[in-house]
Amino acid sequence: MSSVFDVQKTIREILLKILDSHSLEQLNKIPDGFSNNIIWNIGHCISSQQVLVYKLSGLPTMVSEDFVNKYRKGTKPEGDVSQAEVDEIRTLLSTTLEKTKNDFESGLFVNYHEYTTSIGFTLRHIQGALDFNNYHEGLHTGVIMALRKLV
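Residues numbered from 1 in each chain as written. Predicted model: local features only at pLDDT ≥ 70, side-chain atom pairs only at ≥ 80, totals over all residues. Heavy atoms only, no water.

An unreviewed UniProt entry lists the protein under the name DinB family protein, from Flavobacterium tagetis.

See the structure below:
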């Protein structure tokens, strides 16, 4: 399972570099033809990881319910994100990954509530959730790559 966390670490490092190389204005800009922005996509990756891995395992998330609701599937930015929130997201990119890895290695994930994703893939256990999460974060990293060329 270490490769799953290695892949997620690489994705998260890419997202951190993007955060660090764009201004607050660029992170918040929604280009024509898009319904969201760079910072929403990064927040969405964190929110989704917490739901797919922790919530569906019946465990508490590291982020608030407000955070989950703000960045969950089907939402879009309702206004500009502050620098303080960008800083929180930057921290969460690392802390959620490290805690998940440690929790997995310690055997915390015992139960899993089966869930079928919007693409029709059914998650039945934590390993599937971690694998799918990397696929999901990879998709959003691709969207972010497109967005950054337009901001």
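Further notes follow.
Trainee: I keep staring at the packing of helix H1 (residues 2-20) against helix H6 (residues 126-148) and nothing clicks. Help me out?
Mentor: Think of two packed helices as two axes; the pair is described by the angle between the axes and how far apart they sit. One can describe the packing of H1 onto H6 by two numbers: an axis separation of 10 Å at closest approach and a directional angle of 20°. Taken together, the axes of H1 and H6 are roughly parallel relative to one another. As for how H1 packs across H6, the hand of that crossing is left-handed. In contact with Val 4, Phe 5, Val 7, Gln 8, Ile 11, Arg 12, Ile 14, Leu 15 and Ile 18 of H1, H6 contributes Leu 130, Asp 131, Asn 133, Asn 134, Glu 137, Gly 138, Thr 141, Ile 144, Met 145 and Arg 148. Across the contact of H1 with H6, the residue classes break down as 10 nonpolar, five polar and four charged. (Axes fitted to C-alpha atoms, helices over the stretch in contact; angles between N-to-C directions. Helix = DSSP H or I, 4+ residues; strand = E, 2+ residues; numbered from the N terminus. Parallel < 35°, antiparallel > 145°, perpendicular 65-115°, else oblique. Left-handed = near helix turned anticlockwise from the far one by under 90°. Contact = heavy atoms within 4.5 Å. Nonpolar A, V, L, I, M, F, W, Y, C, P; charged D, E, K, R; others polar.)

Trainee: What is the right way to read the nonpolar core from this model?
Mentor: Counting 23 residues, the largest nonpolar core has Leu 19, Ile 42 and Ile 89 as its most contacted members. For this core, the secondary-structure elements that each account for two or more residues are H1, helix H3 (38-54), helix H4 (65-71), helix H5 (83-105) and H6. In terms of residues, this core owes the most to one element, H3, which gives six residues. Sequence-distant contacts of Leu 19, defined by excluding residues within four places in its chain, comprise Leu 27, Ile 39, Ile 42, Val 86, Ile 89, Arg 90 and Leu 93. Grouped together as the second largest cluster of nonpolar side chains are 15 residues, Val 4, Val 53, Ala 129 and Phe 132 included. (Core = buried A, V, L, I, M, F, W, Y, C linked by side-chain atoms within 4.5 Å. Buried < 20%, exposed > 50% of the residue type's maximum accessible area, 1.4 Å probe, protein only.)

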